[in-house]
Amino acid sequence: MPDLYQELCKLADSDMYPFHMPGHKRNLESTPMKGAFRCDITEIDDYDNLHDASGIILEAEKRANRLYGSEETFFLVNGSTCGVLSAISAAAGEGDTVLAARGSHKSFYHAVYMRNLKIKYLPYKLDQNYGIPTGYTAKEIEDNLEAGIKCVFITSPTYEGKCSEIREIAKVCHSRGIPLIVDAAHGAHFVLNNRADKKVLDDSMVTQDTASAIDYTNNLYDDIPESAVAQGADLVIHSVHKTLPSMTQTALLHVQGNLVDRNRLKRFLRIYQSSSPSYVLMSSIDLCVKEITDNGKSFVNRLLQLRNKIQTATHNCRYIIVPGKNAIEDAAKVLIYVNIGTMTGQDLYDILRKEYHLQLEMAGDRYALAIISGWDTDNGVDRLIRAILEIDNKLQQSIGTLEDSHNNSSDEHNGVSSSEKIYELPDAFMSIRNAWDADSEVVELQEAEGRVSAEFINLYPPGIPLIAPGEIFNRAIIDEVCHYLDNCMNVQGIVCIGDNDMESQDIIRKGVLCVKQK
């Protein structure tokens, strides 16, 4: 059967006149976005319906299913967000308990709110070197499973590219009859595991003389991790737009096994997805699947070559460190760590954007994150490398031989497995739903200690809550939020108190929403 895009082009070239939505009527004069509008239709005869697929959309979903190897695959046009919402809602009923990592996407917490769920948190582990969430082992899941838990929810890979032991975790869950849901939004390209040329690593090696300063070769990438689908997870959500050539907002939901009622899952997909799904987005998914099916090997080879090019070029840097595969499993995630106390991750992010015109994905406390794919250009990657080398050289010249108090040694940040620390979560006083629905009032941040939060506060991206509705503000949380605000980082959930007029004498203060006291 022809792909969805071919069928849309065929319709656009026909004399079938559209007396139906959308309002642009496929008239190319209606918008500068002529290419997209040409193929933008609604559910009309012969063009199937995403919410009851039986024709060309079902065939397109089957093509995606064959690529990823699950039992059933659904197209998502509301992003991985609607996939997570649907998966959680189908696996856990009203008031049930889920075992989950704190470092979950906001859509997970929205599902918790919608279904009034209870969360048993896994230990919130942070990498000691880089301050990023780490993956989980099967033992850690087993140690935290208790009676009454309806499903396990894990993000793997994380935003920064750390992975969990999905295969062994799935076995633990299935031994208890519990479904495993994996938010693999950032891992759609993992379907290309084991498809790279074996010589891709040899092509990235430098001469012994160049490498003599440090043994970096174990930090080069010869493959990408295995897909959560192949490792046996029950529900897996992939954002194909994040690391593969597909339009923003496109995603997939894969299903296997019988631990989740598929009819219930489909019902929630109908609830959380638009009733007017975009044919442009669906055709983008289908074309992406075709591209990866036909040319996946060259895509993953290119990704690994570009990543190893970055590793090779920057391995001697002293203050701007790019950890390799021993620290970051996903080659698509280039974590650029600031190994000096006088510069923050936000500083580095701003320098790269303003001085080098390089727009990165996000800034963390001590790092900036870049995402690369098999479609990045040599010019773009070379510009990033030059920027890293120049910034590092400037720091070396300005610091000289003095050791910064935060700079233990560059070896520490070049792939040596680091220890983990457990981040202490604030105490919970009430459920997320009850707190979010409660009457609230604005309280100055510095005066919020002991108050119950009525809103999420998080750095975005990635959106991991510093505090969630129903949790109690403590001094450590307040100080952490203030630290991020002082460093001009993107903190969501903060309310400005006072006049925003620059000529006003009123000083703008920072406030937070708290549950109103009676």
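Structure first, text after, so check above.
An account of the accompanying structure is given in this report. (Residues numbered from 1 in each chain as written. Predicted model: local features only at pLDDT ≥ 70, side-chain atom pairs only at ≥ 80, totals over all residues. Heavy atoms only, no water.)

**Thoughts on the packing of helix H4 (residues 79-91) against helix H10 (residues 262-272)**
Threshold: As a rule, the C-alpha atoms of each element are fitted with a line to give its axis, helices using only the stretch in contact, and angles between N-to-C directions run from 0 to 180 degrees. Secondary structure follows DSSP: runs of H or I at least 4 residues long count as helices, runs of E at least 2 residues long count as strands, and numbering of each begins at the N terminus. With respect to orientation, any angle under 35 degrees is reported as roughly parallel, any angle over 145 as roughly antiparallel, any angle of 65 to 115 as roughly perpendicular, and every other angle as oblique. Left-handed describes a crossing in which the near helix is turned anticlockwise from the far one by less than a right angle; the clockwise case is right-handed. The contact criterion used throughout is that any non-hydrogen atoms of two residues lie within 4.5 Å. When residues are grouped by polarity, Ala, Val, Leu, Ile, Met, Phe, Trp, Tyr, Cys and Pro land in nonpolar, Asp, Glu, Lys and Arg in charged, and all others, Gly among them, in polar.
Viewed as axis vectors pointing N to C, H4 and H10 meet at an angle of 140°, and their least axial separation amounts to 8 Å. Classified by the angle between their axes, H4 and H10 sit oblique to one another. Seen along the crossing, H4 lies across H10 with a hand that is right-handed. Listed contacts from H10 to Cys82, Leu85, Ser86, Ala87, Ser89 and Ala90 of H4 are Arg264, Leu265, Phe268, Leu269 and Tyr272. Partitioned by chemical class, the residues of the contact of H4 with H10 number eight nonpolar, two polar and one charged.

**Brief notes about the pairing of strand S19 (residues 509-515)**
Which entries qualify depends on this criterion: At least two bridges found by DSSP between two strands is the condition for calling them paired.
Where strand S14 (residues 440-444) lies against S19, five bridges are found, and the strand directions are antiparallel. Bridged to Ser440 within S19 is Val515. Across four bridges, strand S18 (residues 494-497) lies against S19 in antiparallel orientation. Bridge pairing in S19 links Val495 to Gly511.

**Let's talk about the environment of Arg307**
Where we set the bar: A 3.5 Å cut-off defines polar contacts: any pair of N or O atoms within that distance qualifies, except that in protein one atom must be a possible hydrogen donor and the other a possible acceptor, and neighbouring residues in sequence count only when both atoms are side-chain atoms.
Mapped onto the elements, Arg307 comes out in helix H11 (residues 279-314). The spatial distance from the C-alpha of Arg307 to the C-alpha of Asp330 is 9.9 Å, given a sequence separation of 23 residues. Setting aside chain neighbours within four positions, we find Arg307 in contact with Tyr221, Val322, Pro323, Gly324, Asp330, Ala331, Lys333, Val334 and Ile372. Here the side chain of Arg307 touches Tyr221 through a polar contact of 3.4 Å, side chain to side chain.

**As for the nonpolar core**
Applied cut-off: The set of buried Ala, Val, Leu, Ile, Met, Phe, Trp, Tyr and Cys residues whose side-chain atoms join them within 4.5 Å is what this entry labels a nonpolar core. The rule is simple: take the accessible area with a 1.4 Å probe, protein chains only, and divide by the maximum for that residue type; under 20% is buried, over 50% is exposed, in between is partly exposed.
The biggest cluster of nonpolar side chains holds 83 residues, and the ones touching the most others in it are Ile336, Met343, Leu348, Leu352 and Ile391. In terms of residue count, H11 provides more of this core than any other element does, 13 residues in total. Listed in part, the 34 residues of the second largest apolar core include Val84, Ala87, Ala111 and Phe456.

**Observations regarding the pairing of strand S8 (residues 251-255)**
The buried fraction of S8 amounts to five of the five residues, a majority that puts the element mostly inside the structure. Burial along S8 is two-sided: Ala251, Leu253 and Val255 and Leu252 and His254, pointing in opposite directions, are all buried. In this structure, strand S1 (residues 72-76) lies alongside S8, joined through five bridges in antiparallel fashion. By the bridge assignment for S8, Phe74 is matched with Leu253.

**Remarks on the sheet that holds strand S16 (residues 465-467)**
Taking strand neighbours across the sheet as the criterion, the three strands line up as S16-S15-S17 in an open arrangement whose pairing is antiparallel. Looking at strand neighbours, the two that pair on one side only are S16 and strand S17 (491-492), the edges of this open sheet. Where strand S15 (residues 457-459) lies against S16, two bridges are found, and the strand directions are antiparallel. Of the residues in S16, the one forming a bridge with Ile457 is Ile467. Each of S15, S16 and S17 is contacted by helix H15 (residues 475-486), which is oriented at about 130° to S16, the strand it contacts most.

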